[in-house]
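Structural characterization, general
Below, each chain spelled out in residue letters.
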Amino acid sequence: MTELTPAQRRDLRARAHHLNPVVTIAGNGLTPNVVAEIERSLQAHELIKVKVQGAEREQRDVLMQELCAALDAAAVQHIGNILVVWRERREEDKPAAAPEKKPVRAATAKSAAAFAAAARRAALAKASAESRRSPARSPAARSRGPGSGTRGR
């Protein structure tokens, strides 16, 4: 079981405040399936809340100790029927069989013909967009500057 300093415990309690319980322990107690689910939750989230139903305070204390010992976790808080447990995320021991990656071609390695075609398309699109503009919004009308046109448009 991992021990926490008071400052770490305080920080973890604050982080756990808004969390909802992810696992519920009911009448069957701490079964292997429940322990496996708590293990998965700790691996995914590091800090979790566990809800205990139908147990007295002393039973919940013992349950918290058993849970932390079984999972090598730290008991953060036990308040009412909610247990807050923390364990640092463990490294995956699965051998990663990485597929061979093909070398990625750089985006700038286009042929000159493809580059020229893209430039022509961009120029045509720009010219088409400018021809659709109204004469009042054309670049020539904007270059006259303020005060050179009529005021009541």
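My aim in this report is to walk through the structure given alongside it, one point at a time. Predicted, not measured: the structure shown is a model, and the values here were computed from it.

What about the side chain of R87?
With respect to the element layout, R87 can be found in the loop between strand 4 (82–86) and helix 4 (112–132). Here the side chain of R87 touches E39 through a polar contact of 2.9 Å, side chain to side chain. Of the polar contacts made by the side chain of R87, one reaches the backbone oxygen of L71; its length is 3.2 Å. Residue contacts for R87: discarding those within four places in its chain leaves E39, L42, Q43, E46, L71, D72 and A73.

Re the side chain of E46
Its location among the elements puts E46 in the loop between helix 2 (32–45) and strand 2 (47–52). R89 provides the closest opposite charge to the buried, unpaired E46, separated from it by 4.0 Å. For E46, the side chain forms a polar contact with the main-chain nitrogen of R89, separated by 3.1 Å. Apart from residues no more than four positions distant in its own chain, E46 is found in contact with S41, V85, W86, R87, E88 and R89.

So, the nonpolar core
Core analysis: the largest hydrophobic core is formed by 17 residues, its most contacted members being I38, L42 and V85. The set of elements that each furnish at least two residues to this core consists of strand 1 (21–25), helix 2, strand 2, helix 3 (57–71) and strand 4. Leaving out residues up to four positions away in the same chain, V85 has contacts with L42, E46, L47, I48, M64, L67, C68, A73, A74 and V76. Within the second largest apolar cluster, nine residues are counted, among which are L12, A16, A74 and W86.

Some words on the sheet that holds strand 3 (residues 74–79)
Strand order in the open sheet made by the four strands is 1-2-4-3, with mixed pairing throughout. The open sheet terminates on both sides in strands that have one partner only, identified here as strand 1 and strand 3. Here the average twist between neighbouring strands, direction ignored, is 25 degrees. Alignment of strand 3 against strand 4, held across five bridges, turns out to be antiparallel. Residue A75 lies in a different strand from strand 4, and its bridge partner there is V85. Across the sheet, helix 1 (residues 6–16) touches strand 2, strand 3 and strand 4, and the angle it forms with strand 3 is around 60 degrees. Where helix 3 meets the sheet, it contacts strand 1, strand 2, strand 3 and strand 4, and its direction lies at approximately 160 degrees from that of strand 3.

Calculation criteria
- Residues numbered from 1 in each chain as written.
- Predicted model: local features only at pLDDT ≥ 70, side-chain atom pairs only at ≥ 80, totals over all residues.
- Heavy atoms only, no water.
- Helix = DSSP H or I, 4+ residues; strand = E, 2+ residues; numbered from the N terminus.
- Polar contact = N/O pair within 3.5 Å; in protein donor to acceptor, adjacent residues only side chain to side chain.
- Contact = heavy atoms within 4.5 Å.
- Buried < 20%, exposed > 50% of the residue type's maximum accessible area, 1.4 Å probe, protein only.
- Lys, Arg positive; Asp, Glu negative; His and termini not counted.
- Salt bridge = Lys/Arg side-chain N within 4 Å of Asp/Glu carboxyl O.
- Core = buried A, V, L, I, M, F, W, Y, C linked by side-chain atoms within 4.5 Å.
- Pairing = 2+ DSSP bridges.
- Axes fitted to C-alpha atoms, helices over the stretch in contact; angles between N-to-C directions.

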